[in-house]
Amino acid sequence: MTVTVPRARESAPPRPVRRHGSVLGNTGLYLATGIAAFLFLVPFYLLVRNALSTDAEITGEHWKFFPTDLQWGNIGALFDDSSVPFARSLLNSTVVAVLHTAGVLLVCSLAGYALARIPYRHANKVFYAVLGTLMVPTAVTFVPSFVLVSSLGWVDSYRGLIIPGLFSGFTCFLFRQYFLGFPKELEEAARVDGLGYWGAYWRVVVPNSLNFFAAIATITFINGWNSFLWPLVIGQDPSAWTVQVALSSYMTNQTVVFHQIFMATAISILPLLFVFLFLQRWLVQGIAQTGIKG
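Residues numbered from 1 in each chain as written. Predicted model: local features only at pLDDT ≥ 70, side-chain atom pairs only at ≥ 80, totals over all residues. Heavy atoms only, no water.

Trainee: For this particular structure, what's the right way to read the overall build of the protein?
Mentor: For the protein, the helix and strand inventory stands at 15 helices and zero strands. Going through the 294 residues of the protein one by one, you find that 34% of them count as buried. Considering only intrachain contacts with a sequence separation of at least 6, the fraction spanning at least 24 residues in the protein is 74%. (Helix = DSSP H or I, 4+ residues; strand = E, 2+ residues; numbered from the N terminus. Buried < 20%, exposed > 50% of the residue type's maximum accessible area, 1.4 Å probe, protein only. Contact = heavy atoms within 4.5 Å.)

Trainee: Just checking my understanding: could you explain the environment of T68 for this structure?
Mentor: Looking at the element boundaries, T68 is found in the loop between α2 (55-59) and α3 (73-80). Take T68: its relative accessible area is 61%, and that puts it in the exposed class.

Trainee: Explanation requested: the packing of aromatic side chains in the structure shown.
Mentor: Two aromatic rings are characterised by how far apart their centres lie and by the angle between their planes. Applying the stated criterion across every chain yields a total of 20 aromatic pairs. Here F127 and F173 contribute two aromatic rings whose centre-to-centre distance is 6.1 Å and whose plane-to-plane angle is 20°, an arrangement assigned as stacked. Of this pair, F127 sits in helix α5 (residues 123-133) while F173 sits in helix α8 (residues 169-180), and the two are 46 residues apart along the sequence. Across this residue pair, the class does not change: F127 and F173 are buried. Through a chain of ring-to-ring contacts, the aromatic side chains of Y113, F175, Y178, F179, F182, W198, Y201, W202, F212 and F213 assemble into a single cluster. A cation over a ring is seen here: R176 above F127, with NZ or CZ 3.8 Å from the ring centre. (Phe/Tyr/Trp six-rings, centres within 6.5 Å; stacked < 30°, edge-to-face > 60°. Lys NZ or Arg CZ within 6 Å of the ring centre and 35° of its normal.)

Trainee: How should I be thinking about unusual backbone geometry in this particular structure?
Mentor: Not every positive phi belongs to a glycine, and D156 is a case in point at roughly 60°. As for its position among the elements, D156 is in the loop between α6 (138-151) and α7 (158-162). The exposure class of D156 is partly exposed, given its relative accessible area of 35%.

Trainee: Mind showing me how you'd approach α8 here?
Mentor: For the α-helix, the turn length of 3.6 residues means that residues three or four positions removed from each other point alike. Here α8 contains twelve residues, and its C-alpha end-to-end distance of 17 Å stays within 8% of the 16 Å for a straight helix at 1.5 Å per residue. In terms of residue burial, α8 counts as a mostly covered element, since ten of its twelve residues are buried. Listed as buried for α8 are G169, T171, C172, F173, L174, F175, R176, Q177, Y178 and F179. (Expected span 1.5 Å × (residues − 1).)

As structure tokens, then:
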């Protein structure tokens, strides 16, 4: 006799239970993100709106979301103004920011790699000396730096604008911390192939650290582009003005040309937006890889 054992009824998979707390949390998160995005975009709206307006529409009592007639001619008037060489200032800022970024990456990465990898009994002392420079206010070194640059004849030149800022103690610190966490196995394999410190740095370390280099390059480029006080002192001739110095010339004790200020500002931030949008995915990854620890 065959005994048939009844098969257990298969239970249906449990339905996901929606928790009201998580729904409310997500709603609050989206709401906060939307408010933050709105507050972030408001200055850009005001910048574009005022750049395409007349001075009367900017300072008038009745506010309009956008002017009736967009003043596209403000762009041509900006570059045709002979008193402010705005096109030249854009070129100067581009050259200064690019060369400054390249120089800082080269000098600080080499210094950071040497402090992290080359055995030297005074390496820690040198590292602490570099950190000590971060505690010195910029105002203390500003006048001696200007006297030195002036004595070398570098006023109104790219050399005076770029060379004094090629070393950054904080950037050197970031590179040193990053290289401390870099896998030594890759460098040891390079040395087996006969490479020295320079060969290991250039052929192994740099190609495998592009994310971090891109992040530092983004921050350095933005700082170089936005620099104002040092270019103001060094670039005394209008032909040596950077874009930040040119922007300040539209606001004087006698006159304030509002539409030119806003148009010049809108044009001057376009390179920064391009650089940030192009390198943003490397920015967070690179900073996360610094490994700011012993």
